[in-house]
Amino acid sequence: MDRVAALFPTPVMHVKQLVDHDLLESMNDDLARQDWFTNKHTDLLTHTEVVKPTSSPIFLKLRKAILPKLVDFGALLFGEALKWHVKECWINVLHKGGHQESHSHANSFISGVVYLNGSHPSSNLVIHRNSGGGQTYMFVNSHETADINPYNAAKWQSDDIEPGDMILFPSYMLHEVPVNQGEKRVSMAFNALPDRLDSWGYKVTFGR
């Protein structure tokens, strides 16, 4: 009998209801006190400055829930329950008609998004299979009758996003947010690092 191996799969973690309703409500006041900046690509996307977690009252409220999930996800990536810390975070507000262009995050291993008010299906996170760094030709077979599956799909889109959910993914992956056809979408994004990596005694440490 033929056997197909899912060789070297890439994990993406969707944590349902990381944040309960009462905590989400308590963060509304914090959002109202933030300073907002317009994205350089579209005025329908605004965001706070990128700050250290200790400077973000919203992150401080979420910290206890986020860190254990980083440990769990990091164990999938590196095979060990390492100590993780969030190096930076920021809040995004995507208005109707706005989008976020494809990008990746440098100098981190895990990136995350916590949805503070949910997400319209049109603007759910899209992650691309190709990192965008290739320097060669690429051929695809993509058309209306092609059977798209996890082995040949060029991208993946999250689904069933509710307020308080979180998605974790490897930071090197290209991702984007398509045009938002729904109401205002508010989320907190962050990047995380482990305390160290050990390759048979050669250790690299990452400071806070």
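Let us look at the structure shown here. Values in this document were obtained by computation on a predicted structure and should not be read as measured data. (Residues numbered from 1 in each chain as written. Predicted model: local features only at pLDDT ≥ 70, side-chain atom pairs only at ≥ 80, totals over all residues. Heavy atoms only, no water.)

**Observations regarding the sheet that holds strand E7 (residues 126-128)**
Note the cut-off: When DSSP finds at least two bridges between two strands, those strands are taken to pair. Helix and strand definitions here come from DSSP, where helices need a minimum of 4 consecutive H or I residues and strands a minimum of 2 consecutive E residues; each element is numbered from the N-terminal end. Here, axes are lines fitted to C-alpha atoms. For helices the fit covers the stretch in contact, and angles between N-to-C directions go from 0 to 180 degrees.
Spatial strand order, E5-E10-E7-E8: four strands in an open sheet with antiparallel pairing. Sheet topology places strand E5 (100-103) and strand E8 (155-157) at the edges, where each strand pairs with a single neighbour. Taking the axes of each pair of neighbouring strands and ignoring which way they run, one obtains an average angle of 15° across the sheet.

**Re the environment of Lys69**
In plain terms, the rule: Contact criterion: two residues are considered in contact whenever any of their non-hydrogen atoms come within 4.5 Å of each other.
Here Lys69 lies in helix H3 (residues 57-78). Taking the C-alpha atoms as reference points, Lys69 and Pro150, separated by 81 residues in sequence, lie 24 Å from one another. Apart from the residues lying within four places of it in its own chain, the contact partners of Lys69 are Met13, Val15, Leu18, Met166 and Leu168.

**Quick look at the environment of His14**
Selection rule: Buried means the residue's accessible area, taken with a 1.4 Å probe over protein chains only, is under 20% of the maximum for its type, while exposed means over 50%, and partly exposed covers the values in between. In the analysis that follows, any N or O atom pair within 3.5 Å is treated as a polar contact, provided that within protein one partner can donate a hydrogen and the other can accept it, and provided that, for residues neighboring in sequence, both atoms belong to side chains.
Along the polypeptide, His14 turns up in strand E1 (residues 13-15). Residue classification places His14 among the partly exposed positions, given a relative accessible area of 30%. Separated by 144 residues in the primary sequence, His14 and Ser158 have C-alpha atoms spaced 8.4 Å apart. Beyond its immediate stretch of four places on either side in the chain, His14 contacts Asp159, Asp160, Ile161, Asp165, Met166 and Ile167. Among the polar contacts listed, one links the side chain of His14 to the side chain of Asp165, at a separation of 3.0 Å.

**Describing unusual backbone geometry**
In the Ramachandran plot, Asp160 falls in the positive-phi region, its phi being about 55° despite a non-glycine side chain. Within the fold, Asp160 resides in the loop between E8 and strand E9 (166-170). Phi angles above zero are rare outside glycine, and Trp200 is one such case at about 50°. For Trp200, the position within the fold is in the loop between strand E12 (196-199) and strand E13 (202-205). According to the relative accessible area criterion, Trp200 is exposed, its value standing at 89%.

**Looking at the sheet that holds strand E2 (residues 37-38)**
An order of E1-E9-E6-E11-E4-E3-E2 is seen for the seven strands of this open sheet, with the pairing classed as antiparallel. A strand with exactly one partner marks an edge of an open sheet, and here the two such strands are E1 and E2.

**Considering the pairing of E13**
Examined bridge by bridge, E12 and E13 share four bridges and lie antiparallel to one another. Within E13, the residue paired with Ser199 across the bridge is Tyr202. Linkage of E12 to E13, two consecutive antiparallel strands, is achieved through a turn of two residues, within which Trp200 is found at a positive phi near 50°.

**Notes on the nonpolar core**
Counted only if it meets this: Only buried Ala, Val, Leu, Ile, Met, Phe, Trp, Tyr and Cys residues count toward a nonpolar core, and they belong to the same one when joined by side-chain atoms within 4.5 Å.
In terms of nonpolar packing, the biggest core is built from 30 residues, with Ile66, Leu70, Val114, Met188 and Phe190 touching the most fellow members. If you list the elements that add at least two residues to this core, you get E1, H3, strand E4 (84-94), strand E6 (110-115), E9 and strand E11 (185-194). Once residues lying within four places of it in the same chain are set aside, the contact partners of Val114 are Leu18, Val19, Leu62, Ile66, Asp165, Met166, Val186, Ser187, Met188 and Phe190. If you look at the next biggest cluster of nonpolar residues, it comprises eight residues, including Tyr115, Ile167, Phe169 and Met173.

**Topic: the pattern of salt bridges**
Here is the rule: Take a side-chain nitrogen of Lys or Arg and a carboxyl oxygen of Asp or Glu: if they are within 4 Å of each other, that pair is a salt bridge.
Following the criterion strictly, the structure yields six salt bridges and no others. Taken together, the salt bridges that share partners define one network made up of Lys16, Asp160 and Asp165.

**With respect to the packing of aromatic side chains**
Cut-off, in case you're wondering: Pairing of aromatic rings covers Phe, Tyr and the six-membered ring of Trp, with a centre-to-centre limit of 6.5 Å; geometry is then stacked below 30 degrees between planes, edge-to-face above 60, and tilted otherwise.
For the structure on display, the rule yields three aromatic pairs. Here Phe109 and Phe206 contribute two aromatic rings whose centre-to-centre distance is 5.5 Å and whose plane-to-plane angle is 75°, an arrangement assigned as edge-to-face. Linking Phe109 in the loop between E5 and E6 with Phe206 in the segment after E13, this pair joins segments that are 97 residues apart in sequence. Three or more aromatic residues joined by ring pairs make a cluster, and in this case those are Phe78, Trp84, Phe109 and Phe206.

**Topic: the environment of Pro57**
Its location among the elements puts Pro57 in helix H3. Sequence separation between Pro57 and Lys155 is 98 residues; the distance between their C-alpha atoms is 34 Å. Discounting residues that sit within four places of it in the chain, Pro57 has contacts with Asp30 and Gln34.

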